[in-house]
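This is what each chain is made of:
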Amino acid sequence: MKNKMYCVFIEDEYHNNWFLDFYNELSDSLDDINSFLDIYNVKLDSIEEYPSTFGYAFDREVEVEEGCVYVRGFIFDKQYLKERIDNNESNN
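Just so you know, these numbers come straight off a predicted model, no measurement behind them.

1. Re the nonpolar core
Logical step 1: Ranked by size, the top nonpolar core spans 18 residues in total, and within it Val8, Ile33, Leu37, Leu44, Ile47 and Val71 carry the most contacts.
Logical step 2: Every element with two or more residues in this core is listed here: β1 (4-11), β2 (17-23), α1 (30-37), β5 (60-64) and β6 (67-77).
Logical step 3: When residues in this core are grouped by element, the largest group, four residues, is from α1.
Logical step 4: Excluding its chain neighbours within four sequence positions, the residues that come into contact with Ile47 are Leu26, Ser29, Leu30, Ile33, Phe58, Arg60 and Val71.

Right under this line is the structure:
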């Protein structure tokens, strides 16, 4: 089991952010990403994480007729995320 959880969202050409979902594998998000991108008549074949200044990241710029759309998100450590959720639930 991987210790990563991917939170994926899309920033549209007007800079609105659209939350897609949390995924255990980044590749599992492709169907949802492509469903969103369908209105622009574009499709991604893959999405990959890459080394970044503060660990790993994923960010994909998609050129569309209206400008650019960005596939973005966060990579969380599952244990850290679980602890944060549990902590917030116990405080409520």
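2. Describing α1
Logical step 1: Considered for burial, the residues of α1 that qualify are Leu30, Ile33, Asn34, Phe36 and Leu37. Take α1 and look down its axis: the buried residues cluster within an arc of 155 degrees, on one side only. Residues of α1 that are exposed and angled more than 90 degrees away from the buried face: Asp31 and Ser35.
Logical step 2: Against the buried residues of α1 lie β1, β2 and β6.

3. Considering the pairing of β5
Logical step 1: In terms of strand pairing, β5 meets β6 through five bridges, oriented antiparallel. Looking across to β6, one finds that Glu61 is bridged to Tyr70.
Logical step 2: Counting the residues in the hairpin turn of β5 and β6 gives two residues.

4. A short note on the pattern of salt bridges
Logical step 1: This model, assessed by the stated rule, comprises five salt bridges.
Logical step 2: Among the ionic pairs, Lys4 bridges to Glu49, the shortest N-O distance being 2.8 Å. In this pair, Lys4 sits in strand β1 while Glu49 sits in the loop between α1 and β3 (50-52), placing the two residues 45 residues apart along the sequence.
Logical step 3: Two residues, Asp59 and Arg72, come together in a salt bridge whose shortest N-O distance is 2.7 Å. In this pair, Asp59 is assigned in the loop between β4 (55-57) and β5 and Arg72 in strand β6, connecting sequence segments 13 residues apart.

Thresholds, definitions, all that
Residues numbered from 1 in each chain as written. Predicted model: local features only at pLDDT ≥ 70, side-chain atom pairs only at ≥ 80, totals over all residues. Heavy atoms only, no water. Core = buried A, V, L, I, M, F, W, Y, C linked by side-chain atoms within 4.5 Å. Buried < 20%, exposed > 50% of the residue type's maximum accessible area, 1.4 Å probe, protein only. Helix = DSSP H or I, 4+ residues; strand = E, 2+ residues; numbered from the N terminus. Contact = heavy atoms within 4.5 Å. Arc of directions from axis to C-beta. Pairing = 2+ DSSP bridges. Salt bridge = Lys/Arg side-chain N within 4 Å of Asp/Glu carboxyl O.

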